[in-house]
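# Examining the three-dimensional arrangement
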Amino acid sequence: MSHYRLMGQFGIGQSVRRFEDARLVRGEGRFHDDVSLPGQAHAVFVRSIHAHARIRNFDAVDSSRAPGVLGVFTGADVAGLGTMKMTLKRRRPDGSPMFAPPHRGLTRDRVRYVGDPVAMVIAQTLAEAEDAAERLVIDYEPLPSVTATADAVGGPAVWDECPDNISNVHEVGDRAATDAAFAGAARVVRRRYVISRVHAQYMETRGALGVWDAGEQRYTLYADVQYPHRVRTALATNILNVPEHQIRVIAGDVGGGFGTKGWQYPEHRLVLWAARRLGRPVKWRCERREAIPADEHARDNVTDAELALDADGRFLALRVRTLANVGAYVSSDRNLLATFSNIATLVGVYTFPTAHVQVTSVLSNTNSTAPYRGAGRPEATYVIERLIDDAARELGLDAIDLRRRNLVPASAMPYRTATGVTYDCGDFSTQMEAALKLADVGGFAARRETARRRGRLRGLGVANAIERAAGPQPEFAEIRFSPGGTAMLFMGTKNQGQGHETTFKQILHERLGLDPGDVRYVDGDTDRVAFGMGSMGSRSTVIGGTAIWMAADKIIAKGRRIAAKMLEAAEADITFANGAFAVVGTDRTLPLKDVARAAFQPAALPKGLEPGLYETATFSPPSDTWPNGCHVCEVEIDPETGAVALVAYVIADDVGTVINPLTLKGQIHGGVAQGVGQALMEQIVYDPDSGQLLTGSFMDYAIPRADSLPEVVVESHPVPTKLNPLGAKGAGEAGTVGALPVVMIAVLDALAPLGVRQLDMPASPARVWSAIREAQRPGGRA
Ligand code: MCN
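Residues numbered from 1 in each chain as written. Predicted model: local features only at pLDDT ≥ 70, side-chain atom pairs only at ≥ 80, totals over all residues. Heavy atoms only, no water.

### Let's talk about the pairing of strand E15 (residues 354-363)
As a reminder, the rule being used: Each residue's exposure class comes from its accessible area (1.4 Å probe, protein chains only) as a fraction of the maximum for that residue type: buried when under 20%, exposed when over 50%, partly exposed otherwise. Only DSSP runs of H or I reaching four residues or more are called helices, and only runs of E reaching two or more are called strands; each is numbered from the N terminus. At least two bridges found by DSSP between two strands are what make those strands a pair. With the strands aimed away from the viewer, a crossover counts as right-handed if its path from the first strand over the helix to the second runs clockwise.
Counted residue by residue, E15 has 10 buried out of 10 residues, so it is predominantly covered. Of the two faces of E15, the one carrying Thr354, His356, Gln358, Thr360 and Val362 and the one carrying Ala355, Val357, Val359, Ser361 and Leu363 are both buried. Bridge count between strand E7 (residues 166-173) and E15: seven bridges; the pairing is antiparallel. The residue bridging Asn168 from the neighbouring strand is Ser361, located in E15. Bridge count between strand E14 (residues 315-327) and E15: 10 bridges; the pairing is parallel. Opposite Thr322, over in E15, you have Val359 as the bridge partner. Crossover E14 to E15 through helix H9 (residues 337-344) is right-handed.

Written out as structure tokens, the structure is:
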């Protein structure tokens, strides 16, 4: 197929179907558990059954003698391993440095959450390791525990060194100006919002295979991580204390990461340590029943929010106080990410003259919390959008009008928020009006009436979403041609299901006209890819994609010199378009593929030009992009059972230039599903007295299924950013950011006629049913 026929078919803006899917749907993907090496042993982790306990004694005699056992290791054995390090400079309320206790891999003397790893049992087979793990006798002395966010301060100390359980306090905004604005406000609305704790529930549970090569004196880790290079650096510098070149990290296909597979888990270092100790590869794979206790969790905030308005319903100030539950350990900056990522967009898409936000990170006897799709942004949007809706109801205003009255106009761009960030561009009004139209909000009253006649309560939710994406951290791309004229594309980002191969080949095609079939895509291997920060924060398209663009520009620059010689023209007269060089003003053209072949033939090159055609580029954006959009949904509630059905959902969104409308929709759909999941059914629950994890499996942790969602309609209204040559903004988290608030807003709208004013997520049938009964009780909440 010629380049000319291909142009436009695979370029930016085309709904190209994912190149990777054929392999994946045929079961030919290579996930971590598909990797097995000769002589590998199997590791099983023994985890705490208590929320908080002192370990009086380990008795490993029986376990060590079990058939096939190669070793039973405890914290004492791995004491030589380092820990992750914090770089954030946070403080406690008294000004002292923050209290951020790292996880040591295996806990030695005290366990601090159900699931805290205390021992590693390694045997010839997995079954033998599991049997031996059951024979390990651990004598625990249970201690009082605290798991609920609101109870953490003043609860039993998770660490004796930090009696009040306050890890740190973080503030943004102008306290004095905000206090003054509240003092002079015509109306003030106050609410408390509880954002539940959830688990990412990726399809592929975690795993790791550690290898020690004695000859090379080198570790290799196969694991499903989102940033292999940063995992390598962390292992080398913090944990194992070896040069980075002595570690190779390989992440093959990753069956979902969602932020939670971002960093360095204890199991990674432990399988490497064990592989060296035992002289054979050591593999661990996490069963689904182990995943919830073993993985980092997410969200889990209690927020008191206050909105000050003038007599015309204009926003004067926002005051937010959040308690963020960070769990028992704060091993790296990543464990605090959500606590500051949530701050910038608490003001949403609205003009606020001033704001003041204080986030207190509290320790508890729970798993660490970490980024999960949105990492603070869904929480922020939840708070501001629900507060606006509650304010409208309390003040007798129309919630849509109240939003309209306070939107940041497109003419105000770039707009500096009271929370200290700058939205570079965006047209929030266009998104909102488009979504309202798409959702036929005008026809809602009639639909509500029809539903009422069927005995259903119908509710409408509107929420404007904005999030920070693709912040200023570098990303890497390399385009490497072979002498035959085909190319390899090496990326520092790591695909976890987003469709990177397709997206990146489209960008490459747009710039160089390369047939995607002529390009092999590579990511996830620190030996093959020079550098990378990895995939999180909806950054890959914007930053990795721009790095491709820049590397492609270098290919064109060098190719032009070669083409000039081949076409016997002056370099200044050579143009490049549609995958071919041309002599300006003539019909003489030369495909890039031919130029690439010539690049490896010294005789074909201009004098002094180095042979070969391979270029790298590293892009670091000047600032964040601000994807935004408006979500509108409708729910119907059965008042007899409390069951909520999501019946309509539309989004108008702006992710800047859309690279692939098809995969973008897939991203938004997936993101919405995760927001809907949290709003309606998902929740990690601990028993308040014992600290036991009550939702340890899919028998008690509900996740959305296909029939939980209606058709989700997405309409893009791009406002390209000037912060990168693609004009693209991030998109991977956008769906979740809007979904979390809009569903709860719709639920509360449906319940409002019954007098229900307050309901925290998840809006499960039991909770909705109880809220209805409570409101209808004489003297109830209505
Ligand atoms: N896209 C586009 N045009 C844009 C931006 C994005 O067409 N302007 C499309 C592209 O197909 C691109 C995809 O959306 O490949 C995601 O792009 P981007 O916003 O760059 O996000 P990342 O690739 O950096 O992925 C990270 C993001 C995050 S932070 C989470 S969490 C998340 C998400 O992606 N985790 C996911 N989506 C996920 N999807 C899957 N299947 N699995 C996960 O673990």
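Once the structure has been displayed, the description carries forward.
### Observations concerning the sheet that holds strand E3 (residues 69-74)
Basically, it comes down to this: For helices, the axis comes from a line fit to the C-alpha atoms of the stretch in contact; other axes are also lines fit to C-alpha atoms, and the angle between any two N-to-C directions lies between 0 and 180 degrees. Residue contacts follow a heavy-atom distance rule, with two residues in contact if any of their heavy atoms lie within 4.5 Å.
As summarised here, the arrangement of the seven strands in space is E3-E5-E1-E12-E9-E10-E11, forming an open sheet in which the pairing is mixed. Across the chains shown, the open sheet's two edge strands, defined by having one partner strand only, are E3 and strand E11 (247-250). The sheet shows a mean angle of 20° between the axes of neighbouring strands, direction not considered. Bridge count for strand E9 (residues 207-213) against strand E12 (residues 282-285) is four bridges, and the pairing is antiparallel. The partner of Ala208 across the bridge, within E12, is Trp284. Against the sheet, helix H7 (residues 266-278) engages strand E1 (41-47), E3, strand E5 (117-123), E9, strand E10 (218-223) and E12, with an angle of about 35° to E9.

### Some words on the packing of aromatic side chains
For any pair of aromatic rings, geometry is given as the distance between the ring centres together with the angle between the planes. So the rule is basically this: Only Phe, Tyr and Trp rings are paired, with Trp represented by its six-membered ring, and only when their centres lie within 6.5 Å; those with planes under 30 degrees apart are stacked, over 60 edge-to-face, the remainder tilted. By definition here, charges over rings are those cases where NZ of Lys or CZ of Arg is within 6 Å of the ring centre and within 35 degrees of the ring normal.
Per the stated rule, a full pass over the model turns up 16 aromatic pairs. An aromatic cluster of at least three residues, connected via ring pairs, comprises Phe99, Tyr113, Trp159 and Tyr329. The ring of Trp159 carries Arg112 above its face, with NZ or CZ at 3.4 Å from the centroid. The ring of Tyr265 has Arg206 sitting right over it, with the charged end atom 3.5 Å from the ring centre.

### Quick notes on the site of the ligand
Spelled out, the test is: Neighbouring residues are identified by heavy atoms, a residue being near a molecule or strand if any of them is within 4 Å of it. Here a polar contact is recorded for every N or O atom pair within 3.5 Å, except that within protein the pair must consist of a potential hydrogen donor and a potential acceptor, and residues adjacent in sequence are included only if both atoms are side-chain atoms. Surface accessibility in these figures is a Shrake-Rupley result with a 1.4 Å probe; residues are shielded only by whichever protein chains are displayed. Residues are sorted three ways: Asp, Glu, Lys and Arg are charged, Ala, Val, Leu, Ile, Met, Phe, Trp, Tyr, Cys and Pro are nonpolar, and all the rest, Gly among them, are polar.
With respect to spatial proximity, 30 residues lie near the ligand, and among them Gly257, His500, Thr663, Gln667 and Ala731 are the closest. A distance of 2.5 Å separates an oxygen atom of the ligand from a polar atom in the side chain of His500. In the model, an oxygen atom of the ligand is placed 3.1 Å from a nitrogen or oxygen of the Arg539 main chain. Protein chains shield 96% of the accessible area of the ligand, which is 840 Å² for the free molecule. At the level of elements, helix H14 (500-512), helix H15 (540-566) and helix H17 (661-680) are the ones that each hand at least two residues to the shell around the ligand. Ranked by residue count, the leading element in the shell around the ligand is H17, at three residues. Of the residues assigned to the shell around the ligand, the class counts are eight nonpolar, 18 polar and four charged.

### Regarding the side chain of Thr721
Mapping Thr721 onto the fold places it in the loop between strand E28 (712-716) and helix H18 (734-751). A distance of 2.6 Å separates the side chain of Thr721 from the side chain of Asp424, its partner in a polar contact. Side-chain polar atoms of Thr721 contact the backbone nitrogen of Leu723, separated by 3.0 Å. Not counting residues up to four positions away in its chain, the partners in contact with Thr721 are Asp424, Cys425, Thr625, Gly727, Ala728 and Lys729.

### Focus on the nonpolar core
One broad trend across soluble globular proteins is that nonpolar side chains are buried collectively. Quick reminder of the rule: To define a nonpolar core, start from buried Ala, Val, Leu, Ile, Met, Phe, Trp, Tyr and Cys residues and group those joined through side-chain atoms within 4.5 Å.
The biggest cluster of nonpolar side chains holds 96 residues, and the ones touching the most others in it are Val632, Tyr649, Val743 and Val747. Ranked by the residues each element gives to this core, the list is headed by H18, at 12 residues. Ignoring sequence-local partners within four residues, the contact set of Val743 consists of Cys633, Leu646, Tyr649, Val676, Ala679 and Leu680. Counting residues in each nonpolar core, the second largest holds 46 residues, with Ile507, Leu508, Tyr521 and Phe581 among its members.

### Quick look at the side chain of Ser364
Turning to its location among the elements, Ser364 is positioned in the loop between E15 and helix H10 (377-395). For Ser364, a relative accessible area of 0% puts it in the buried group. One polar contact links Ser364 to Asn325, side chain to side chain, over a distance of 2.6 Å.

### A look at the confidence of the model for the chain
Note that predicted coordinates carrying low pLDDT should not be read in detail. What counts here: Every residue gets a pLDDT, meaning the predictor's confidence in that residue, from 0 to 100.
Chain-level pLDDT for the chain is 96 on average; 98% of the residues reach the 70-or-more range. Ignoring residues within four places in sequence, the model shows residues 1-5, a span with pLDDT below 50, making 10 contacts including any to other chains.

### Thoughts on unusual backbone geometry
Cis peptide bonds are those with omega within 30 degrees of zero, and the linkage from Met413 to Pro414 qualifies with -5°. A positive phi is found at Asn578, a non-glycine position, where the angle reads about 50°. Mapped onto the fold, Asn578 is located in the loop between strand E22 (574-577) and strand E23 (580-583). Judged by relative accessible area, Asn578 falls into the partly exposed class, the value being 44%.

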